[in-house]
Amino acid sequence: MGLILQILISSVAVYFTAWLLPGITVKSFGSSILVAIVLGLLNAFLKPILQFLSFPLTVLTLGLFLLVINTIIILIASALMESFHVENFWWALLFSIIMSIVVSILEALL
């Protein structure tokens, strides 16, 4: 799948999930495109480092700690961007889960 199409799918998922959850705010659809790009970059560069460092904890929790890593990535993106705000850890966790489901549905449709 093309990079631009993947960014558009992710940005639609960000915008929809932010609309759905009251603890998440995105100022506009253009901001959701930037959020999708920042999340993609953080997932590409920071997430592997966090996964490597937390490998024993991930094994101990049977992989559930990966949800915490995804949540941390979302909170970092929220801290980096003014147009994207996440209230707390629990909203970021719910955002991560719902966004993954929405991206999977959109990719299956295309």
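What you see is a predicted model; the values in this text were computed from it and never measured.

## Looking at helix H1 (residues 3-20)
- Over its 18 residues, H1 runs 26 Å from end to end, which matches the ideal 26 Å to within 8%, given 1.5 Å per residue.
- The set of residues buried in H1 consists of Ile9, Ser10, Ser11, Ala13, Val14, Thr17 and Ala18.
- For H1, the secondary structure elements touched by its buried residues are strand E1 (24-26), helix H2 (29-45) and helix H6 (89-109).

## Points about the nonpolar core
- Counting 22 residues, the largest nonpolar core has Val14, Ile24, Leu39, Ile74, Phe84, Phe95 and Met99 as the members making the most contacts within it.
- Elements with a minimum of two residues in this core: H1, E1, H2, helix H5 (65-80), strand E2 (84-86) and H6.
- At 6 residues, H6 tops the list of elements feeding residues into this core.
- If we skip the residues at most four places from it in the chain, Leu39 touches Val14, Ile73, Ile74, Ala77 and Met99.

## Thoughts on the packing of aromatic side chains
- Enumeration according to the criterion identifies 4 aromatic pairs in this entry.
- With a centroid separation of 5.8 Å and 80° between ring planes, the pair formed by Tyr15 and Phe29 is classed as edge-to-face. You can see Tyr15 sitting in helix H1 and its partner Phe29 sitting in helix H2, a full 14 residues away along the chain.
- Relative accessible area serves as the criterion here: at 33%, Phe29 is assigned to the partly exposed category.
- A ring pair is formed by Phe84 and Phe95, whose centres lie 5.7 Å apart and whose planes are at 50°; its orientation type is tilted. Taken together, the residues Phe84 in strand E2 and Phe95 in helix H6 connect sequence positions 11 residues apart.
- Relative accessible area serves as the criterion here: at 1%, Phe84 is assigned to the buried category.
- A relative accessible area of 0% means that Phe95 is categorised as buried.

Thresholds, definitions, all that
Residues numbered from 1 in each chain as written. Predicted model: local features only at pLDDT ≥ 70, side-chain atom pairs only at ≥ 80, totals over all residues. Heavy atoms only, no water. Helix = DSSP H or I, 4+ residues; strand = E, 2+ residues; numbered from the N terminus. Expected span 1.5 Å × (residues − 1). Buried < 20%, exposed > 50% of the residue type's maximum accessible area, 1.4 Å probe, protein only. Contact = heavy atoms within 4.5 Å. Core = buried A, V, L, I, M, F, W, Y, C linked by side-chain atoms within 4.5 Å. Phe/Tyr/Trp six-rings, centres within 6.5 Å; stacked < 30°, edge-to-face > 60°.

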